[in-house]
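# Tertiary structure, described
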Amino acid sequence: LLYQYGSFIDSLRLYVRGGTGGMGYPRLGGEGGRGGDVWLVAQERATLKSIRDRYPHKRFMAGTGANSSVRALKGEKGQDCEVAVPLGISVLCDDGKHIGELNAAGERLLAARGGLGGSLATDFVPCKGQRRIVCLDLKLIADVGLVGFPNAGKSSLLSKMSHAKPQVASYPFTTVQPELGKLMYKDYKQLGVSVADLPGLIEGAHTNRGMGHKFLKHVERTRQLLLVVDISGFQLSIKAPFRTAFETVVLLTKELELYKEELLSKPALLAVNKMDLPGARENLRELVRQLQEPHNFLHLLEEEMIPARTLEFKDIIPISTYTGEGIEELKTCIRRSIDEEAERENEEYRKKQLQLLQPS
């Protein structure tokens, strides 16, 4: 019924039922009230875990419409049922059909419609409300999504840049649960930037290996990508091949491409971590040279691991989560990139509005 990272839940199934309509009044042609509706309402502090804990049976039913009577020929509508859900929810039917999404506080989605009241058209017999099972699928909404293989230092980076305290599993390959941190700036011109630290990818994540889709789906809602790689390279296990920093970037790109190619159209930054290690400067120069002309080095990888297109990074920032090197510069780059994207979107919006004002 649910997927969990520790106490974090990102999927939950609910039974929802609209209210039955009220009885009609045949002698005077009265109409019964319509049954109440079940609504999903996005709220800032709501979580799927709070829904599960507060309503363990996960059943939500709206009120029955009032019967028609001599005093009130038109019966009153039944009481609606409202369910507070977190932002970033996709709502699916039990058969997988997409119903809608809730991305901003206050947005509402009709989950189950109430039945019509009894009237002349229904021979004064009321109709039952809609009933179904819906799946709430949470995809974290963040400005920046941290993407990287295990042990790249994503959780350490998030804790350095924000007040978030990500939990890390005892085994060496993944964060226990997705986290949201807030980047605060000294000039207060920007209240903060949300950063999602997401469970580590492994090779084959697009096929649901490791955290698989439970990780990748959260990247969909981020506005920008921040790839984090270990400058000294990466090796998942003794049996797995060793990957250089350049190969790591290419493989991360391939995983994103295989899951959803549109992810590669997002603006991207690259944080090169562990610059405190011996030989890091030489490795960084080699990585930058390879990223400037990636096609000259793709032969180093197996053909099936080469993406159709490579990511172009707006900035490459060397950092060390151990010494704190480059952290402030990275925060500045993130803010600048987000501001540039917001300005570009505003400019596109203004152009569209001007086109609408022009006479046909």
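Residues numbered from 1 in each chain as written. Predicted model: local features only at pLDDT ≥ 70, side-chain atom pairs only at ≥ 80, totals over all residues. Heavy atoms only, no water.

With an unreviewed UniProt entry as reference, the chain is termed GTP-binding protein 10, source organism Eubucco bourcierii. According to UniProt, the comment filed for the chain under the heading Subcellular location (unreviewed entry) is "Nucleus, Nucleolus". Under the heading Sequence similarities (unreviewed entry), UniProt records this for the chain: "Belongs to the TRAFAC class OBG-HflX-like GTPase superfamily. OBG GTPase family." (UniProt positions renumbered as here; feature names shortened; annotations may be inferred.)

What follows concerns a nonpolar patch on the surface. On the surface, Leu28, Val70 and Leu73 cluster together to form a nonpolar patch covering roughly 260 Å² of accessible area. Assignment of secondary structure puts Val70 in the loop between strand 4 (59–61) and strand 5 (81–85). (Patch = residues over 30% accessible without salt bridge, like charges linked within 9 Å, V, L, I, M, F, W, Y side chains within 5 Å. Areas by Shrake-Rupley, 256 points an atom, 1.4 Å probe, with all protein chains shown as cover. Salt bridge = Lys/Arg side-chain N within 4 Å of Asp/Glu carboxyl O. Helix = DSSP H or I, 4+ residues; strand = E, 2+ residues; numbered from the N terminus.)

In this section: the side chain of Asp137. With respect to the element layout, Asp137 can be found in strand 9 (residues 131–138). Excluding its chain neighbours within four sequence positions, the residues that come into contact with Asp137 are Asp10, Ser11, Gly88, Ile89, Ser90 and Lys217. (Contact = heavy atoms within 4.5 Å.)

If you check helix 6 (residues 327–357), its first and last C-alpha atoms are 45 Å apart, about what 31 residues at 1.5 Å a residue would give, namely 45 Å. Listed as buried for helix 6 are Ile327, Leu330, Lys331, Cys333, Ile334, Arg335, Ser337, Ile338 and Glu341. (Expected span 1.5 Å × (residues − 1). Buried < 20%, exposed > 50% of the residue type's maximum accessible area, 1.4 Å probe, protein only.)

Take the nonpolar core next. In this structure, Leu227, Ile231, Leu256, Leu270, Val272 and Phe313 are the most contacted members of the largest nonpolar core, which totals 32 residues. Those elements that place two or more of their residues in this core are helix 3 (212–219), strand 13 (222–230), helix 4 (245–259), strand 14 (268–273) and helix 5 (280–292). With eight residues, helix 4 is the largest single contributor of residues to this core. Contacts of Ile231, omitting those with residues within four sequence positions, involve Ala245, Val272, Asn273, Lys274, Met275, Ala280, Asn283, Leu284 and Leu287. Grouped together as the second largest cluster of nonpolar side chains are 24 residues, Val85, Val91, Val134 and Leu138 included. (Core = buried A, V, L, I, M, F, W, Y, C linked by side-chain atoms within 4.5 Å.)

Between helix 4 and helix 5, the least distance of the axes is 9 Å, while the angle of their chain directions is 40°. Classed by the angle they form, the pair helix 4 and helix 5 counts as oblique. For the pair helix 4 and helix 5, contact is made by Ala245, Phe246 and Val249 and by Leu287, Gln290 and Leu291, respectively. (Axes fitted to C-alpha atoms, helices over the stretch in contact; angles between N-to-C directions. Parallel < 35°, antiparallel > 145°, perpendicular 65-115°, else oblique.)

Although it is not a glycine, Lys58 adopts a positive phi angle of roughly 55°. Along the chain, Lys58 falls in the loop between helix 1 (48–54) and strand 4. We classify Lys58 as buried; its relative accessible area is 13%. Phi is positive for Asp123, close to 60°, though the residue is something other than glycine. Here Asp123 shows up in the loop between strand 8 (108–112) and strand 9.

Counting buried residues along strand 3 (residues 38–42), five of its five residues qualify, which places the element largely inside the surrounding structure. Across the two faces of strand 3 the burial is the same, with Val38, Leu40 and Ala42 and Trp39 and Val41 all buried. Of the pairings in the sheet, the one linking strand 3 to strand 5 comprises five bridges and is parallel in character. Within strand 5, the position partnered with Val41 by the bridge is Ala84. Across four bridges, strand 3 lies against strand 8 in antiparallel orientation. Paired with Val41 across the two strands is Arg108, which belongs to strand 8. (Pairing = 2+ DSSP bridges.)

The contact between helix 2 (residues 154–161) and helix 6 brings their axes to 10 Å, and the two run at 85°. On the basis of their axis angle, the class for helix 2 and helix 6 is roughly perpendicular. Contacts between helix 2 and helix 6 pair Leu157, Lys160 and Met161 from the former with Ile327, Leu330, Lys331 and Ile334 from the latter. By residue class, the composition of the contact of helix 2 with helix 6 is five nonpolar, no polar and two charged. (Nonpolar A, V, L, I, M, F, W, Y, C, P; charged D, E, K, R; others polar.)

One pass over the structure, following the stated rule, counts three aromatic pairs. Geometrically, the ring pair formed by Tyr55 and Phe60 is edge-to-face, given 4.9 Å between the ring centres and 65° between the ring planes. What makes Tyr55 partly exposed here is its relative accessible area of 33%. Given a relative accessible area of 4%, Phe60 falls into the buried group. Measuring from ring centre to ring centre gives 6.1 Å for Phe246 and Phe297, while their planes differ by 70°; the resulting arrangement is edge-to-face. Pair noted here: Phe246 is in helix 4 and Phe297 is in the loop between helix 5 and strand 15 (313–318), with a separation of 51 residues, a long-range link. Taken as a pair, Phe246 and Phe297 share a single burial class, namely buried. The side chain of Arg108 reaches across the aromatic face of Trp39, ending 4.6 Å from its centre. Over the face of the ring belonging to Tyr185 we find Arg335, whose NZ or CZ atom lies 5.1 Å from the ring centre. (Phe/Tyr/Trp six-rings, centres within 6.5 Å; stacked < 30°, edge-to-face > 60°. Lys NZ or Arg CZ within 6 Å of the ring centre and 35° of its normal.)

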